[in-house]
Amino acid sequence: MLFARRCKWGALVVVSGIALSLTGCQIEYRGHDSGIDGTLWRQVTSFEDPLSRSLYQPSVNEPVDYLDSLPGERWSGSVASTFDLDLREGGVVLYDISSSDSVAELSVFIASGPRPDVPTDGGRDYNGPTQVFTCYQVEAAFSPGVAASVGRVTFDDCPAALVELMPGGAAFARGEVFDG
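Residues numbered from 1 in each chain as written. Predicted model: local features only at pLDDT ≥ 70, side-chain atom pairs only at ≥ 80, totals over all residues. Heavy atoms only, no water.

Enquirer: Is there a simple way to explain the environment of T45 in this structure?
Expert: With respect to the secondary-structure elements, T45 resides in helix α2 (residues 38–56). Linking T45 and F178, residues 133 residues apart in sequence, is a C-alpha distance of 6.7 Å. Those residues in contact with T45 that sit more than four places away from it in its chain are P50 and F178. (Helix = DSSP H or I, 4+ residues; strand = E, 2+ residues; numbered from the N terminus. Contact = heavy atoms within 4.5 Å.)

Enquirer: Please explain the confidence of the model for the protein as it appears in this structure.
Expert: When pLDDT drops low, the exact placement of atoms in the prediction is not to be read closely. Mean pLDDT over the protein: 86, with 83% of residues reaching 70 or higher. Note on residues 1–25: pLDDT under 50 across the span, and one contact to partners over four residues away in sequence or across chains. (pLDDT = per-residue confidence, 0-100.)

Enquirer: It is not clear to me how the state of the cysteines should be interpreted in this structure. Could you clarify?
Expert: What makes a disulfide is a covalent bond joining the sulfur atoms belonging to two cysteines. Applying the stated rule across the entire model yields one disulfide. Linked covalently through their sulfurs, C135 and C158 form a disulfide whose S-S length is 2.2 Å. Across the S-S bond of C135 and C158 the torsion is about -110°, and the bridge reads as left-handed. Of this pair, C135 sits in strand β5 (residues 131–143) while C158 sits in the loop between β6 (146–154) and α4 (160–163); the two residues are 23 residues apart in sequence, bridging distant segments of the chain. For C135, a relative accessible area of 0% puts it in the buried group. Exposure remark for C158: the relative accessible area of 11% places this residue in the buried category. (Disulfide = S-S within 2.5 Å. Buried < 20%, exposed > 50% of the residue type's maximum accessible area, 1.4 Å probe, protein only.)

Enquirer: How do you make sense of the pairing of β5 when you look at a structure like this?
Expert: Side-chain positions along a regular strand alternate between the two faces of the sheet. Note that strand β4 (residues 103–111) and β5 share nine bridges and pair antiparallel. Its bridge partner being in β5, I110 is matched across the sheet by T134. Strand direction decides the pairing type here: β5 and strand β7 (residues 170–173), joined by three bridges, are parallel. When the sheet's bridge partners are listed, V132 is paired in β7 with A171. Where β5 folds back on β6, the antiparallel hairpin that results is connected by two residues, among which G145 adopts a positive phi of roughly 75°. (Pairing = 2+ DSSP bridges.)

Enquirer: Explain the nonpolar core here, please?
Expert: One recurring pattern in soluble globular proteins is that nonpolar side chains are buried together. Residues L51, L55, Y66, L70, L106, V108 and V132 are the most contacted members of the largest nonpolar core, which totals 25 residues. For this core, the secondary-structure elements that each account for two or more residues are α2, α3 (63–69), β3 (91–99), β4, β5 and β7. Apart from the residues within four sequence positions on either side, V108 is in contact with L51, V92, V93, L94, Y95, T134, C135, Y136 and V138. By size, the runner-up hydrophobic cluster in this structure holds 15 residues, among which are F109, F133, M166 and F172. (Core = buried A, V, L, I, M, F, W, Y, C linked by side-chain atoms within 4.5 Å.)

Below is the structure:
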């Protein structure tokens, strides 16, 4: 009886493990004190910092010129067009781009690229995601004679078609993880 009960529990543990591995559970990083690896954080900010300078300190004062001046690959939103994107080494993808006479809107996807095989900042062996990605929306309002007013909304997830481009060991990080 005891042996049968142990076998039942053992089988339950194995089945639960298989079920969890098939559900695609993955690490997600949220908040300023997320615990994200320093190497991955620096990789994302190496793409995000130049973009942020263009987003928040635009050299132009027209919505269309503003959108044209932003660095990054453009994505139309179609699944087929994701094959035109090259994120193997990380990068920035701009999508859902629109403008009116006074407002420019776009969404941003940033991928870190693969993490090199180096120890953590604390000198320990690294055991975490192979890379990270984030996304958010930006809106810039333009008025004559006044600097653009730019705001950002972070997303809880990214478009599935872009996430599909990431390797299996990649993890999502909310935009505020990279602030500061």
